[in-house]
Every structure is written in C-alpha cells, then in structure tokens.
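Residue strings, one per chain:
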Amino acid sequence: MKRIFIIMALAAAMALSGCSVKSGRPAVRENEPAQGSGYPGNPQNGGSADTAQPSQTGEIDADHALSIALEDAGVSKDDLFSYKTERDRDNGMSIYEIEFDTDYGDYSYEIETNGGRIISADYDVDDRYIRSLEDSPITEEDAKAIVQSKVPEASAEDIWLQEEWDDGFSSFEGGLYLDDAKYEFEIDAQTGIISSWSVDYRW
C-alpha cells in the first residue's frame, strides 16, 4: 500500500512539473518590437557585426532576400508597416535593394542576389521614439564600449567619435574602419541608443 502511495505521489509531482513548464512562458507585450540586432531599445543592436557572413550558393528570390534582412536587423515581419524590394545592379553586381519601415526605425539593405550576402546595411531610429525613453546618460568611453559590443573585433583605439549638440540634445557621432568594412554611427548621449547605424562591406 505504501509503495502504491509513493508511485501516485511521484506521478502527481511529474504532472505538476509539466504544468509549470507550460505556464512558465514569459509574457510578451503586444506590439513589442523584436529584440534582435536591429531593435533600437538595445544599444548592442542595429545591423550585422559579423563581416564573415554565412552564404549559400545559387540565386535567391526577393522574399528570401527580405527574410535575410529582417533576420539581420532582428525585426519581425509583423512590425513592418511598409517594405519594398527591388532588383538592381551595382558595379556589375546583381543585388536586391530592400527598404522597410517600423514604428521605431527605418531600415535599408543591399543584398547580393547570388548567395544572399549582405553588401550594406543601415538604419535610423525615430527621434520621437528616443525621446520617449528614460534618460540614462553615457560618456565617450561608454559610447565606444557600445560600438565594441556590436563589433567585438574592434579596439577602442580603432573607433573615432566626437560629441555634437542639436536642439539641446547631445550625441556621439563617429566611425570605424575594420578590414573591408566601413561603419558610421550616431549614439544618443541621453539614452545610449544608437540612433543611426551604417555598415558597408565593400569599402
């Protein structure tokens, strides 16, 4: 009898454990932007930091090119209120020009049609979005650390920046050259948000 009771108790514990796993899913706010490499709420995000991009062989279509851009930006397709893909040529290379807009930023990409390699990527965060965030001022050293978090291969000495003022708000504007990539950026000094980020892998 005692053995049966122990088995029943173990079965009940396992059932409760299974329920707790299912109910332990973190809550997600409705319409919350995707927290990937392009989500402006995270200073580490906003464009690929990896120049050694994985690629495939063969030609990709426009939908695949858009999915590559969205994945790199960390943006959900549900967050888009408009997007455009257009095939073009640049210096003899066949590319897709991709643009998409969200409530918090505007993005543009150039992706090679053969293999899906990202040629360039940039985004700009809406000023109203930034001003709606709580202030968390940063220093010049903090700004360099934010860039390094996106481009780990870069040293602080590789990064140049200067503080600029506009309408009473300051920002750190700068750039970085690393291997074949050219980076340009602007970081809001009041929040630490990267308000503008651009990388070109053809430099």
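If you're wondering where the values come from, they're calculated on a predicted model, not measured in any experiment. (Residues numbered from 1 in each chain as written. Predicted model: local features only at pLDDT ≥ 70, side-chain atom pairs only at ≥ 80, totals over all residues. Heavy atoms only, no water.)

## A short note on the packing of aromatic side chains
Counted only if it meets this: Pairing of aromatic rings covers Phe, Tyr and Trp, the last counted by its six-membered ring, and requires centre-to-centre distances within 6.5 Å; plane angles under 30 degrees mean stacked, over 60 mean edge-to-face, and any other angle means tilted. Helix and strand definitions here come from DSSP, where helices need a minimum of 4 consecutive H or I residues and strands a minimum of 2 consecutive E residues; each element is numbered from the N-terminal end. Throughout, exposure labels follow a simple rule: accessible area from a 1.4 Å probe, protein chains only, divided by the maximum for the residue type, with under 20% read as buried, over 50% as exposed, and the rest as partly exposed. Definition used: whenever NZ (Lys) or CZ (Arg) falls within 6 Å of the ring centre and also within 35 degrees of the ring normal, the charge is taken to sit over that ring.
Evaluation of the coordinates by the stated rule reveals six aromatic pairs. Between F185 and W197 the ring centres are 5.9 Å apart and the planes differ by 25°, which places this aromatic pair in the stacked class. Here W197 lies in strand β8 (residues 194-200) and F185 lies in strand β7 (residues 181-188), a separation of twelve residues in the sequence. What makes F185 buried here is its relative accessible area of 4%. Joined through ring pairs, the aromatic side chains of F100, Y107, Y109 and Y123 make up one cluster. Note that R131 overlies the ring of F169, its terminal NZ or CZ placed 4.0 Å from the centroid. The ring of W197 carries K150 above its face, with NZ or CZ at 4.2 Å from the centroid.

## Here's the deal with the side chain of D79
Heads up, the condition is: Side-chain atoms alone can form a polar contact between residues adjacent in sequence; in general such a contact is a pair of N or O atoms within 3.5 Å, and within protein one must be able to donate a hydrogen while the other accepts it.
Mapped onto the elements of the fold, D79 is located in the loop between α2 (62-73) and β1 (82-90). Within the structure, the side chain of D79 is placed 3.2 Å from the side chain of Y104, a separation counted as a polar contact.

## Quick notes on the pairing of strand β2 (residues 93-101)
For clarity, the cut-off: At least two bridges found by DSSP between two strands is the condition for calling them paired.
By the bridge criterion, nine bridges tie β1 to β2 in an arrangement that is antiparallel. When the sheet's bridge partners are listed, D88 is paired in β2 with I95. Once β1 ends, the chain turns through two residues before running back antiparallel as β2, passing N91 with a positive phi of about 50°. Two strands pair when backbone bridges link them, and β2 and strand β3 (residues 105-112) are joined in this way by seven bridges, in the antiparallel orientation. Counted as the bridge partner of D101 is D106 from β3.

## Comments concerning α2
Residues spaced three or four apart along an α-helix point in a common direction, a consequence of the helix completing one turn every 3.6 residues. To be explicit about the condition: By definition here, a helix of n residues has an expected span of 1.5 Å times n minus one. When checking whether two residues touch, look at their non-hydrogen atoms; a contact exists if any pair is within 4.5 Å.
Under the 1.5 Å per step criterion, the end-to-end length of α2 is 17 Å for twelve residues, consistent within 8% with the ideal 16 Å. Its buried side turned inward, α2 meets β1, β2, β3 and β4 (118-125). The N-terminus of α2 is capped by D61, whose side-chain oxygen sits 3.4 Å from the backbone nitrogen of D63. G74 lies just past α2 and shows a positive phi near 75°.

## What about the pattern of salt bridges?
We count it as follows: Put simply, a salt bridge is a Lys or Arg side-chain nitrogen that is within 4 Å of an Asp or Glu carboxyl oxygen.
This structure, assessed with the given rule, holds six salt bridges. Across the salt bridge formed by R128 and D126, the nearest N and O atoms sit 3.2 Å from each other. For R128, a relative accessible area of 68% corresponds to the exposed category.

## Section: the nonpolar core
Convention followed: Grouping buried Ala, Val, Leu, Ile, Met, Phe, Trp, Tyr and Cys residues that are joined through side-chain atoms within 4.5 Å yields what is termed a nonpolar core.
Core analysis: the biggest nonpolar cluster contains 43 residues, and I98, F100, Y109, I111, Y183 and W197 have the highest contact counts within it. With six residues, α2 is the largest single contributor of residues to this core.

## Some words on the sheet that holds strand β6 (residues 169-178)
Selection rule: Interaxial angles span 0 to 180 degrees and are taken between N-to-C directions of axes, which are lines fitted to C-alpha atoms, for helices over the stretch in contact.
Within the open sheet, the eight strands sit side by side as β1-β2-β3-β4-β8-β7-β6-β5. Their pairing is antiparallel. Bordering the open sheet on either side are β1 and β5 (159-166), each of which pairs with just one other strand. Recorded for the sheet is a direction-independent mean angle of 15° between the axes of neighbouring strands. Sheet topology note: the β3/β4 ladder contains seven bridges and is antiparallel. What sits directly across from D106, in β4, is D124. Of the strands in this sheet, β1, β2, β3 and β4 are in contact with α2, which crosses β2 at around 60°.

These results come straight from atomic positions and should not be treated as a statement about function.
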